[in-house]
Amino acid sequence: MKVTRGGGGRVVVLVLPEVNLLDLAGPVQAFDAAAHLGAPYRVEYAADTPEVVSAQGLRFAGLGPLGETGQGDLVLVPGHRVRAPAPGELMVSATVVEWLRAACRAGARIASVCSGAAALGEAGLLDGRRCTTHWSLIDAMRRRYPAARVQDAVLYVHDGPVSTSAGISTGVDLALSLIERDHGPELAAAVARQLVVYLRRSGTDGQISVFLQHRAHLNAAVHRVQDHLAQNLGAPHTLAELAAVANLSPRGLSRAFTATIGITPLEYRQRLRLELAATLLAETGLTVEAISARCGFRDPRHFRRLFTTRYGMPPSESRRGPGAGRPATR
């Protein structure tokens, strides 16, 4: 796959004591998959001790030191097992706190997964920023970091150079969002396909994405068409072309789709396109016309009508305001 956009570079993974394995492995695999597809990501691991034992008992050895980071680097902080600290005690080491502050001052992006947000909070990097964490830690975060604008019912939040995500598997959603910011939705979709998550969920979408819905079935022909649509949303599709992908007749494909997921193939395609459009509106600066074309709508006016019907507001309204995100589906 040809990667044409800039962005990316070192991904420095901060391995904290009692790190949670999935918090680390999920986003790391997303960046590794992007690198294999041509993106210039280089994953490194750093800690303030050369060995760390994970919360699940796996020992990490040969970890690099907390070296210098700067412009172009991404510091990734996976979640770790947190315990209530004693009065005046930090939740991570003072060395880690100062390293995170220095990384931010030097221009590195900082991203946390799940309880990794606690390390950012200890370093003061969440003050005045929108952020999130695992649902079970929301109230504790608000009490300990009153200057942070802690959000609930979201999957991840970007605020300037600092990004945070909710619990565990949302680290993959966050990583895919960062990959999209660096290299565009085509690469993010390709990585999602490698990870068999089809496409990432939007950070502000507390519900299951339409890209993840309607997949809990065993109809291989319908799955093939769903995969094809998810990877080629900008292309025109006729029912006959989709039927060829499924090795069915057009009528047979329509019957299979309706019986399996309750909607027709072209209605399913429209829902995918509108969700992708909502995500691009929330997370990019592309014009409505550019988003319309990228999502396969030839007529921006028709796109605006469909979007308004689906989400209850026009595309321009959905991205308005400092906290604007993806609109709720009607």
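Criteria and thresholds
- Residues numbered from 1 in each chain as written.
- Predicted model: local features only at pLDDT ≥ 70, side-chain atom pairs only at ≥ 80, totals over all residues.
- Heavy atoms only, no water.
- Helix = DSSP H or I, 4+ residues; strand = E, 2+ residues; numbered from the N terminus.
- Buried < 20%, exposed > 50% of the residue type's maximum accessible area, 1.4 Å probe, protein only.
- Contact = heavy atoms within 4.5 Å.
- Pairing = 2+ DSSP bridges.
- Axes fitted to C-alpha atoms, helices over the stretch in contact; angles between N-to-C directions.
- Core = buried A, V, L, I, M, F, W, Y, C linked by side-chain atoms within 4.5 Å.
- Expected span 1.5 Å × (residues − 1).
- Arc of directions from axis to C-beta.
- Salt bridge = Lys/Arg side-chain N within 4 Å of Asp/Glu carboxyl O.
- Right-handed = clockwise from strand over helix to strand, strands pointing away.
- Phe/Tyr/Trp six-rings, centres within 6.5 Å; stacked < 30°, edge-to-face > 60°.

Comments concerning the overall build of the protein
Helix and strand counts for the protein come out as 13 helices and 10 strands. Looking at the protein as a whole, 50% of its 330 residues qualify as buried. Sequence-distant contacts in the protein: of pairs separated by 6 or more residues, those separated by 24 or more amount to 63%.

Some points on the sheet that holds strand β9 (residues 156-159)
On the basis of which strands lie adjacent, the open sheet formed by six strands has the order β2-β1-β5-β6-β10-β9 and mixed pairing. At either margin of the open sheet sits one strand with a lone partner, and together these are β2 (42-46) and β9. Sheet twist, expressed as the mean angle between neighbouring strand axes with direction ignored, is 20°. With four bridges joining them, strand β5 (residues 74-77) and strand β6 (residues 109-113) adopt parallel strand pairing. Residue Val77 lies in a different strand from β6, and its bridge partner there is Ser112. Against the sheet, helix α5 (residues 170-183) touches β5, β6, β9 and β10 (162-165), its axis set at about 40° to β9.

Observations regarding unusual backbone geometry
Keep in mind that most residues, glycine aside, have a negative phi and that most peptide bonds are trans. Unlike most non-glycine residues, Cys114 shows phi in positive territory, near 55°. Within the element layout of this structure, Cys114 appears in the loop between β6 and α3 (117-122). The phi dihedral of Asn247 falls on the positive side, at around 60°, and the residue is not glycine. Mapped onto the elements, Asn247 comes out in the loop between α8 (239-246) and α9 (250-261). According to the relative accessible area criterion, Asn247 is exposed, its value standing at 63%.

So, the nonpolar core
If you look at the biggest cluster of nonpolar residues, it comprises 34 residues, and the most contacted ones within it are Val15, Phe31, Ile179 and Val191. Listed by contribution, the elements that provide at least two residues to this core are β1 (10-14), α1 (21-36), β5, β6, α5 and α6 (185-194). If near-sequence neighbours (up to four positions away) are discounted, Val15 is found in contact with Leu24, Tyr45, Ala46, Ala47, Val52, Phe60 and Leu63.

Points about helix α12 (residues 300-311)
Taking 1.5 Å per residue, 12 residues should reach 16 Å; α12 reaches 16 Å between its end C-alpha atoms and fits that length. Residues of α12 that are buried: Phe303, Leu306, Phe307 and Tyr311. Seen along its axis, α12 keeps its buried residues to an arc of 105°; they face one direction. Those residues of α12 that are exposed and aimed more than 90 degrees away from the buried face are Arg301, Arg305 and Thr309. Considering only its buried residues, α12 is in contact with α10 (265-283), α11 (288-294) and α13 (315-318).

Section: the pattern of salt bridges
Across all of its chains, the model carries 14 salt bridges by this definition. With its nearest N and O atoms 3.4 Å apart, the salt bridge here joins Glu51 to Arg59. Residue class for Arg59 comes out exposed when judged on its relative accessible area of 53%. Between Glu289 and Arg304 there is a salt bridge, with the nearest N and O atoms lying 2.8 Å from each other. Placement of Glu289 in helix α11 and of Arg304 in helix α12 is noted, with a sequence separation of 15 residues between them. Residue classification places Arg304 among the partly exposed residues on the basis of a relative accessible area of 31%. Connected through shared salt-bridge partners, Arg10, Glu44 and Asp73 make up one network.

Points about the pairing of β6
Most of β6 sits inside the fold, with four of its five residues counted as buried. With respect to chirality, the unit in which β5 leads through helix α2 (residues 94-105) into the neighbouring parallel β6 is right-handed.

Things to note about the environment of Ala192
Here Ala192 shows up in helix α6. Along the sequence, Ala192 and Ala30 sit 162 residues apart, while their C-alpha atoms lie 7.8 Å from each other.

Thoughts on α6
Structural remark: α-helix, 3.6 residues per turn; residues separated by three or four positions point the same way. The element α6 is largely enclosed, with a buried count of seven among its 10 residues. Those residues of α6 lying buried are Pro185, Leu187, Ala188, Ala189, Ala190, Val191 and Ala192. Buried-residue contacts for α6 involve α1, α5, α7 (220-231), α10 and α11. One or two steps after α6, the chain reaches Val196, where phi turns positive at roughly 60°.

As for the packing of aromatic side chains
By convention here, two paired aromatic rings are described through the distance between centres and the angle between planes. Enumeration over the complete set of coordinates arrives at five aromatic pairs. Relative to Phe303, the ring of Phe297 lies with its centre 5.2 Å away and its plane at 35°, an arrangement referred to as tilted. By the burial criterion, Phe297 is buried, and Phe303 matches it. Put simply, the rings of Phe297, Phe303, Phe307 and Tyr311 pair up and form one aromatic cluster.

Interpretation in functional terms is not warranted from these geometric data alone.
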